[in-house]
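# A structural walkthrough
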Amino acid sequence: MHKPTEQIINENEYFFNNLSNVEKIYVYGHSISQVDILYFEKLFKSVNDNCKWCVSYHNSASIRSLKDSLLNIGLSENKIEFIKLTEIQINYFQLKLDI
């Protein structure tokens, strides 16, 4: 099955064009795998250079792959913050977000 990533990004260009004032991006429960990397790359290119990224992880072994994916799209390591998903979970279906 093929995911029409570029088409979806193009159809949502208005959304991406309005992200320049975003100061922080929260990525919860996402593996940032290759199939979705174009979305993250577009997000990265759409926000300002000072934007911070808060990324959740399931276990410490997954941090390396998450970090590598974000560094590969151009994000600086000092802009990435990691939080263990269980620290923000109320239960399997709900997150506790004290932003």
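Since the model is a prediction, treat every value here as computed from it, not as a measurement. (Residues numbered from 1 in each chain as written. Predicted model: local features only at pLDDT ≥ 70, side-chain atom pairs only at ≥ 80, totals over all residues. Heavy atoms only, no water.)

## Here we look at the sheet that holds strand β3 (residues 80–84)
The strands making up a sheet are joined through hydrogen bonds of the backbone, oriented either antiparallel or parallel. The test is simple: Only strands that DSSP links by at least two bridges are regarded as paired with each other. Comment: elements are numbered from the N terminus, with helices defined as DSSP H or I runs of at least four residues and strands as E runs of at least two. Helix axes are fitted only over the stretch in contact, all axes being lines through C-alpha atoms; the angle between N-to-C directions runs from 0 to 180 degrees.
Judged by pairing direction, the sheet is parallel, and its three strands sit side by side in the order β1-β2-β3 without closing on themselves. Each edge of the sheet is formed by a strand with only one pairing partner; in this case those strands are β1 (24–27) and β3. Adjacent strand axes in the sheet meet at a mean angle of 20° when their direction is disregarded. Across five bridges, strand β2 (residues 52–57) lies against β3 in parallel orientation. Note that in β3 the partner of Cys54 across the bridge is Glu81.

## What about the confidence of the model for the protein?
The predicted coordinates should not be examined in detail at positions where pLDDT is low. Rule in force here: Note: pLDDT gives the predictor's confidence per residue, expressed from 0 to 100.
Confidence in the prediction of the protein, expressed as mean pLDDT, is 90, and 90% of residues score 70 or more. Predicted confidence in the protein is weakest over strand β4 (residues 89–91), with a mean pLDDT of 67, and strongest over helix α2 (residues 13–17), with 97.

## Structural notes on the pairing of β1
Note the threshold: Working definition: with a 1.4 Å probe on protein chains only, accessible area under 20% of the residue-type maximum means buried, over 50% means exposed, and in between means partly exposed.
The alternating pattern of β1 places Ile25 and Val27 on a buried face, while none of Lys24 and Tyr26, on the opposite face, is buried. Sheet topology places β1 next to β2; four bridges connect them, and they run parallel. Bridge assignment links Tyr26 to a residue of β2, and that residue is Cys54.

## Concerning the pattern of salt bridges
Our working rule: By definition here, a salt bridge exists when the distance from a side-chain nitrogen of Lys or Arg to a carboxyl oxygen of Asp or Glu is within 4 Å.
Going through the model one piece at a time under the given rule, you end up with five salt bridges. Among the salt bridges present, the one from Lys42 reaches Glu13, with a minimum N-O distance of 2.9 Å. Here Lys42 is found in helix α3 (residues 37–46), whereas its partner Glu13 is found in helix α2, with 29 residues between them in sequence. Its relative accessible area of 21% is what places Lys42 among the partly exposed residues. Taking relative accessible area as the criterion, Glu13 reaches 25% and is therefore assigned partly exposed. Residues Glu41 and Lys45 are paired through a salt bridge, measuring 3.8 Å at the closest nitrogen-oxygen approach. You can see Glu41 and its partner Lys45 sitting in helix α3, four residues apart, about one turn around the helix. Given the relative accessible area of 26%, Glu41 is considered partly exposed.

## Some thoughts on the nonpolar core
Note the following rule: Nine residue types can take part in a nonpolar core, namely buried Ala, Val, Leu, Ile, Met, Phe, Trp, Tyr and Cys, and a core is a set of them joined through side-chain atoms within 4.5 Å.
Residues Ile32, Trp53, Val55 and Leu70 are the most contacted members of the largest nonpolar core, which totals 20 residues. Contributions of two or more residues to this core are made by β1, α3, β2 and α4 (63–72). The leading source of residues in this core is α3, at four residues.

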